[in-house]
Amino acid sequence: MREAYDVIIEPVITEKTTEQMEVNSVYTFLVNKDANKIEIGQAVEKLWDVNVKAVRTMTYAGKQRRSSMGRMAKNFSRGRRPSFKKAVVQLAEGEHIELYEAG
């Protein structure tokens, strides 16, 4: 089994995820591409001492980068953004994680 810090890379903090945190106790994390749902759930339970109810995962392919030189970029090689995996973790009712402090 991997270390919990090797499984979870960072939390995703957006307006939508912040609302989900407050209303439904649902947290979103960027995770290692090789991690499965069981490892993700165990890592969250270990790091924050909470009970995980469900884990959903999504894998996103890297998109092609937009060139910065406009028409001239046809002749240059184009790069790609990195692909990543995201996990949406639902906690048991009444539990929450302190990811950051407001104020």
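Our subject is the structure that appears above.
Residues numbered from 1 in each chain as written. Predicted model: local features only at pLDDT ≥ 70, side-chain atom pairs only at ≥ 80, totals over all residues. Heavy atoms only, no water.

So, the pattern of salt bridges
Right, on to step 1. Tallying each qualifying case throughout the model produces 1 salt bridge.
Right, on to step 2. Of the charged contacts in the structure, one is a salt bridge between Arg 2 and Glu 39, with a shortest N-O distance of 3.1 Å. Of this pair, Arg 2 sits in the segment before helix H1 (4–7) while Glu 39 sits in helix H3 (residues 37–48), placing them 37 residues apart in sequence.
Right, on to step 3. Assessed through its relative accessible area of 27%, Arg 2 is described here as partly exposed. (Salt bridge = Lys/Arg side-chain N within 4 Å of Asp/Glu carboxyl O. Helix = DSSP H or I, 4+ residues; strand = E, 2+ residues; numbered from the N terminus. Buried < 20%, exposed > 50% of the residue type's maximum accessible area, 1.4 Å probe, protein only.)

Some thoughts on the environment of Pro 82
Right, on to step 1. With respect to the element layout, Pro 82 can be found in the loop between strand E3 (52–60) and strand E4 (84–91).
Right, on to step 2. You can call Pro 82 exposed: its relative accessible area is 60%.

Brief notes about H3
Right, on to step 1. With 12 residues, H3 extends 17 Å between its outermost C-alpha atoms, agreeing within 8% with the 16 Å of an ideal straight helix rising 1.5 Å per residue.
Right, on to step 2. Among the residues of H3, those classed as buried are Glu 39, Ile 40, Gly 41, Ala 43 and Val 44.
Right, on to step 3. Lining the buried residues of H3 we find H1, strand E1 (8–11), strand E2 (26–31), E3 and E4.
Right, on to step 4. Following H3 by one or two positions, Asp 49 has its phi on the positive side, about 55 degrees. (Expected span 1.5 Å × (residues − 1). Contact = heavy atoms within 4.5 Å.)

A look at the pairing of E4
Right, on to step 1. In this sheet, E4 lies alongside E2 in antiparallel orientation, the contact comprising 6 bridges. Bridge pairing links Tyr 27 to Val 89 in E4.
Right, on to step 2. In this structure, E3 lies alongside E4, joined through 8 bridges in antiparallel fashion. Opposite Val 55, over in E4, you have Val 89 as the bridge partner. (Pairing = 2+ DSSP bridges.)

Considering the packing of aromatic side chains
Right, on to step 1. This structure, assessed with the given rule, holds 2 aromatic pairs.
Right, on to step 2. Measuring from centroid to centroid gives 5.4 Å for Phe 29 and Trp 48, while their planes differ by 25 degrees, and the two rings are stacked. Here the residue Phe 29 occupies a position in strand E2, and Trp 48 occupies one in helix H3, the gap between them amounting to 19 residues.
Right, on to step 3. You can call Trp 48 partly exposed: its relative accessible area is 29%.
Right, on to step 4. Ring centres of Tyr 60 and Phe 84 lie 4.9 Å apart, and the angle between their planes is 25 degrees; on these two criteria the pair is classed as stacked. One end of the pair, Tyr 60, is in strand E3; the other, Phe 84, is in strand E4, with 24 residues separating them in the sequence.
Right, on to step 5. On the basis of relative accessibility, which here comes to 31%, the residue Tyr 60 falls in the partly exposed class. (Phe/Tyr/Trp six-rings, centres within 6.5 Å; stacked < 30°, edge-to-face > 60°.)

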